[in-house]
Amino acid sequence: MANRESDPDKIKVNGVELAYRFDGPENAHVVMMSNSLMSNYGMWDVTVPALTDRYRVLRYDTRGQGRSGTTPGPYSIEMLADDAIGLIDQLGVGRVHFVGLSMGGMTAQQIGARYADRVYSLSLCDTASEMPPRSMWEERLLTVQTKGIAGLLDVMIQRWFTPPFIARDPDTIEKVRRMISATPVEGYIACASAVRDMAQTTMLLQVKAPTLILVGRQDPACTVENSTVLHRMIDGAQMVILEEAAHLSNIEQPQAFNSALRAFIDRVDDAFPKSA
């Protein structure tokens with residue numbers, strides 16, 4: 001994972017400061033990227049260069065994550081989607097191609113269903129419309145309350161990447177460990193509560209935007225089965241399974257991920273003039 005870190009810009013949206021960053025040409029259509037739980041917009045470092053020759057990429061840290069502000073929880077996925085739309089409005093970027101991974105993909109589902117006119121396309125990556133069992137989330141929340149984020153660090157690495165990748169790319173794994181460790185405890189609890197309480201499967205019937213579903217074959221968190229539900233419920237959705245990839249498939253298999261994502265966004269974007 002390349003190091004593209006710098007001090008983010010910040011803007012107040014819905015009562016919270018959101019950290020964000022732009023890359024790419026200013027006059028281009030925007031690809032907006034939403035991060036997973038326990039991460040920040042740096043998780044997209046290996047994805048951004050595949051887009052910026054044609055698109056303006058907008059990355060941001062979800063409320064309670066990374067360098068964005070944390071407000072009292074619990075949150076809801078609806079709230080996080082409203083934050084994303086508020087950021088679009090505050091920055092005046094117009095319609096976007098919205099890309100979300102895991103929690104970011106849950107946010108994307110809400111946007112596709114409730115704000116259809118704000119998106120050209122949706123890319124739902126390693127995500128799900130429901131995340132049972134509740135007992136697992138209660139156990140994680142208890143762990144973080146008693147041991148801090150460090151209590152989940154090793155578990156997350158093992159769920160986010162396959163063992164061969166962990167063994168062959170220790171530098172990337174160390175960067176991801178630092179990213180996880182920087183997650184505020186209060187922000188984790190508030191966002192994890194949103195994921196725990198989410199029930200969005202029926203809502204998917206309202207999604208009309210062109211939709212790509214990307215999932216790692218070995219993802220134990222948001223499984224191929226979870227993605228199959230999305231594929232069946234969203235009319236016309238395209239599904240791509242990435243081999244030898246777990247949860248953060250964009251980092252583990254960047255070439256395959258970037259190729260599928262870029263081909264999909266290009267195909268949709270070609271239908272819209274630059275003034276759209």
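Scroll up to find the structure this text is about.
Everything quoted here is computed from the prediction, not taken from an experiment.

Cut-offs used in this document
Residues numbered from 1 in each chain as written. Predicted model: local features only at pLDDT ≥ 70, side-chain atom pairs only at ≥ 80, totals over all residues. Heavy atoms only, no water. Phe/Tyr/Trp six-rings, centres within 6.5 Å; stacked < 30°, edge-to-face > 60°. Helix = DSSP H or I, 4+ residues; strand = E, 2+ residues; numbered from the N terminus. Buried < 20%, exposed > 50% of the residue type's maximum accessible area, 1.4 Å probe, protein only. Lys NZ or Arg CZ within 6 Å of the ring centre and 35° of its normal. Pairing = 2+ DSSP bridges. 1 Å grid on protein atoms, 1.4 Å probe; cavity = no way out; pocket = protein on both sides within 12 Å on 5 of 7 lines; lining within 4 Å. Points joined across faces, edges and corners; volume = space filled by probe spheres on them. Axes fitted to C-alpha atoms, helices over the stretch in contact; angles between N-to-C directions. Contact = heavy atoms within 4.5 Å. Salt bridge = Lys/Arg side-chain N within 4 Å of Asp/Glu carboxyl O.

Looking now at the packing of aromatic side chains. This structure, assessed with the given rule, holds three aromatic pairs. Consider the rings of Tyr120 and Phe272, whose centres lie 4.7 Å apart with planes at 55°: the pair is tilted. Taken as a pair, Tyr120 in strand 6 (residues 119–125) and Phe272 in the segment after helix 10 (254–269) lie far apart in primary sequence, 152 residues in all. Looking at Tyr120, the relative accessible area reads 2%, which means it is buried. One Lys or Arg, Arg140, reaches over the ring of Trp137 and ends 5.0 Å from the middle of that ring.

So, on to the pairing of strand 3 (residues 30–34). With respect to burial, strand 3 is a largely interior element, five of its five residues being buried. Alternating residues of strand 3 divide into Val30, Met32 and Ser34 and Val31 and Met33, and every residue in both groups is buried. Sheet analysis places strand 3 next to strand 4 (residues 56–60), joined by five bridges and oriented parallel. Bridge pairing in strand 4 places Met33 opposite Arg59. Taken together, the five bridges between strand 3 and strand 5 (residues 96–101) define a ladder with parallel strand orientation. Bridging across to strand 5, Met33 finds its partner in Val99.

Turning to empty space enclosed by the protein, a few remarks are in order. Under the criterion given, the structure shown has one cavity of 30 Å³ or more. Of the voids in this model, the largest cavity is the one considered here, and its volume is about 150 Å³. Leu37, Ser102, Trp137, Arg140 and His247 are the residues nearest the centre of the largest cavity, which is lined by 16 residues in total. At the level of secondary structure, the elements contributing two or more residues to the lining of the largest cavity comprise helix 2 (103–114), helix 3 (134–147) and helix 4 (153–160).

The eight strands lie next to each other as 1-2-4-3-5-6-7-8, forming an open sheet whose pairing is mixed. Both outer strands of the open sheet, strand 1 (9–13) and strand 8 (238–242), are each paired with one neighbouring strand and no more. The average angle at which neighbouring strand axes cross in this sheet is 25°, direction not considered. Bridge count between strand 2 (residues 16–23) and strand 4: four bridges; the pairing is antiparallel. When the sheet's bridge partners are listed, Asp23 is paired in strand 4 with Val57. In the packing of helix 1 (residues 77–91) onto the sheet, contacts are made with strand 1, strand 2, strand 3, strand 4 and strand 5, and the angle to strand 1 comes to roughly 110°.

Moving on: the pattern of salt bridges. Across all of its chains, the model carries 19 salt bridges by this definition. Between Arg262 and Asp53 there is a salt bridge, with the nearest N and O atoms lying 2.6 Å from each other. Separated by 209 residues along the polypeptide, Arg262 in helix 10 and Asp53 in the loop between strand 3 and strand 4 bring together distant segments of the chain. Taking the relative accessible area as the measure of exposure, Arg262 reaches 16% and is therefore buried. Accessibility expressed as a relative area gives 59% for Asp53, which makes it exposed. Here Asp82 makes a salt bridge to Arg114, at a shortest N to O gap of 2.8 Å. Highlighted residues: Asp82 in helix 1 and Arg114 in helix 2, separated in sequence by 32 residues. By relative accessible area, Asp82 is classed as partly exposed at 27%. The partly exposed category is assigned to Arg114, whose relative accessible area is 35%.

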